[in-house]
Amino acid sequence: MSDWPRQSPVDVALRGACPRCGRGRLFSGLLTVTGRCSVCDLDLRGHDAGDGPAVFVILALGALMMILVFWVEFRFEPPWWMHALLWLPVTFGLAVWMLRVLKAWLIAQQFGHRSTALEE
């Protein structure tokens, strides 16, 4: 039995925290999962989110962005360079944020259900 309190997968996902202790960082870079938690020493190498988050982000964010692009185009009729200036950073920022949240949530779910590795 673990001495660590169970962490909420949603809380872990939104904070990018370790799924066991909730205090360590899950990511060592922008989207790279760290090898071990710096607080509780949990080995995170066995936890993998796979391609699920990327596929979801491509489909969901792509649909949302196209709806917004068409709405702005037909409502305000801005020049093409304004679209590029507006949508490139918004799309990139939302894509990275969504990928981090979804990867962290899937890793927290894996940890909670012990589907990839046993707790040390």
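The model shown is predicted, which means the values in this text are computed figures rather than measured ones.

**Student:** Looking at this structure, how should I read the packing of aromatic side chains?
**Tutor:** Within a pair of aromatic rings, the relevant descriptors are the distance that separates the centres and the angle that separates the planes. Under the definition given, this model contains 2 aromatic pairs. Consider the rings of W71 and F76, whose centres lie 5.5 Å apart with planes at 85°: the pair is edge-to-face.

**Student:** What's the story with a nonpolar patch on the surface in this structure? I'm lost.
**Tutor:** A cluster of nonpolar side chains, contributed by V10, L14, L64, L68, L86, V90, L94, W97 and W105, occupies part of the molecular surface with about 770 Å² of accessible area. Contributions of two or more residues to the nonpolar patch are made by α1 (9-15), α2 (52-76) and α3 (80-113). With 5 residues, the top contributor of residues to the nonpolar patch is α3. By the element assignment, L14 lies in helix α1. Accessibility expressed as a relative area gives 57% for L14, which makes it exposed.

**Student:** Where do I start with the environment of A95 in this structure?
**Tutor:** Position of A95 relative to the elements: it lies in helix α3. Along the backbone, A95 and R114 are 19 residues apart, and their C-alpha atoms lie at a distance of 28 Å. Those residues in contact with A95 that sit more than four places away from it in its chain are V57 and L61.

Calculation rules
- Residues numbered from 1 in each chain as written.
- Predicted model: local features only at pLDDT ≥ 70, side-chain atom pairs only at ≥ 80, totals over all residues.
- Heavy atoms only, no water.
- Phe/Tyr/Trp six-rings, centres within 6.5 Å; stacked < 30°, edge-to-face > 60°.
- Patch = residues over 30% accessible without salt bridge, like charges linked within 9 Å, V, L, I, M, F, W, Y side chains within 5 Å.
- Areas by Shrake-Rupley, 256 points an atom, 1.4 Å probe, with all protein chains shown as cover.
- Salt bridge = Lys/Arg side-chain N within 4 Å of Asp/Glu carboxyl O.
- Helix = DSSP H or I, 4+ residues; strand = E, 2+ residues; numbered from the N terminus.
- Buried < 20%, exposed > 50% of the residue type's maximum accessible area, 1.4 Å probe, protein only.
- Contact = heavy atoms within 4.5 Å.

Nothing here speaks to function; it is all geometry.
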